[in-house]
Amino acid sequence: MPDILVEVRGGWIGGRKKELMLAIHGAVIESIKTDPEDKVVRLVEHSPDNFVIPTPAGERFTRIEITMFIGRSAEAKRMLYQAMVKTLLAFGIPAQDIKIVLVEVPLENVGIRGGQAASDIQLSYEVRV
């Protein structure tokens, strides 16, 4: 399921937007073993005036919010954080400028495939803990 929202201050990504989004999705697949075809990744480039970042973060500060089904262990989440940082380093984003926020939702709180609750259908992958 994961729905991924990536927020940055605009300008520095240039023509690598799709590459960045696919790399982030790849880190999610690698670390928490989600279905590669099940992807929603959004990139929002904010004007610096519209995105106040922590001090002393740099101009490449990146916030990633991942909404996913509830049930993964703390260890699985740690693996996700590490995979994400490793992936983003390749884009010149310093590790200290990466913030990852997980939003976990119960399966019955997600409607998919024609309005069915995710809890009522057979998913093509397991929620791994």
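Preceding block: the structure.
So, how was this worked out
- Residues numbered from 1 in each chain as written.
- Predicted model: local features only at pLDDT ≥ 70, side-chain atom pairs only at ≥ 80, totals over all residues.
- Heavy atoms only, no water.
- Helix = DSSP H or I, 4+ residues; strand = E, 2+ residues; numbered from the N terminus.
- Rg over C-alpha atoms; globule rule 2.2 N^0.38 Å.
- Buried < 20%, exposed > 50% of the residue type's maximum accessible area, 1.4 Å probe, protein only.
- Contact = heavy atoms within 4.5 Å.
- Areas by Shrake-Rupley, 256 points an atom, 1.4 Å probe, with all protein chains shown as cover.
- Lys, Arg positive; Asp, Glu negative; His and termini not counted.
- Charge placed at Lys NZ, Arg CZ, Asp CG, Glu CD.
- Core = buried A, V, L, I, M, F, W, Y, C linked by side-chain atoms within 4.5 Å.
- Pairing = 2+ DSSP bridges.
- Salt bridge = Lys/Arg side-chain N within 4 Å of Asp/Glu carboxyl O.

> Which residues make up the overall build of the chain, and what values go with them?
For the chain, the count of helices and strands is 2 helices and 6 strands. Listing each helix as α and each strand as β along the chain from the N terminus yields β-α-β-β-α-β-β-β. For 129 residues, the compact-globule formula gives about 14 Å, and the C-alpha radius of gyration of the chain, at 15 Å, lands near that figure. In the chain, buried positions account for 40% of the 129 residues. In the chain, of all internal contacts separated by at least 6 residues, the share reaching a separation of at least 24 is 77%. Carbon together with sulfur atoms contributes 51% to the accessible area of the chain, which is approximately 7100 Å² in total. The chain carries 16 positive and 17 negative side-chain charges, and their two centres are separated by 4 Å.

> Which residues make up the nonpolar core, and what values go with them?
Counting 23 residues, the largest nonpolar core has Ile24, Ile64, Ile66, Met84 and Leu88 as its most contacted members. Among the elements of the structure, strand E1 (3-9), helix H1 (17-32), strand E3 (62-69), helix H2 (74-89) and strand E4 (98-105) are those that each provide at least two residues to this core. Sequence-distant contacts of Met84, defined by excluding residues within four places in its chain, comprise Ile24, Ala27, Val28, Ile64, Ile66 and Ile100. In this structure, Met1, Val105, Val110 and Ala118 belong to the second largest nonpolar core, which totals 5 residues.

> Kindly report on the pairing of E3, identifying the contributing residues and their values.
Burial of E3 is extensive: 7 of the 8 residues sit out of reach of the surface. Examined bridge by bridge, E1 and E3 share 6 bridges and lie antiparallel to one another. By the bridge assignment, Val8 is partnered in E3 with Thr62. As judged from the 8 bridges shared by E3 and E4, these two strands associate in the parallel manner.

> Before we move on, can you summarise the pattern of salt bridges with the specific residues and values?
Taken as a whole, this structure holds 7 salt bridges when the rule is applied. A salt bridge links Glu104 to Lys77, with the shortest nitrogen-to-oxygen separation between them at 3.0 Å. Here Glu104, found in strand E4, pairs with Lys77, found in helix H2; they are 27 residues apart in sequence, far enough to count as distant. For Glu104, a relative accessible area of 29% gives the class partly exposed. On the accessibility criterion, Lys77 (17% relative accessible area) is buried. Here the residues in one salt-bridge network are Glu7, Arg63 and Glu65, joined through shared partners.

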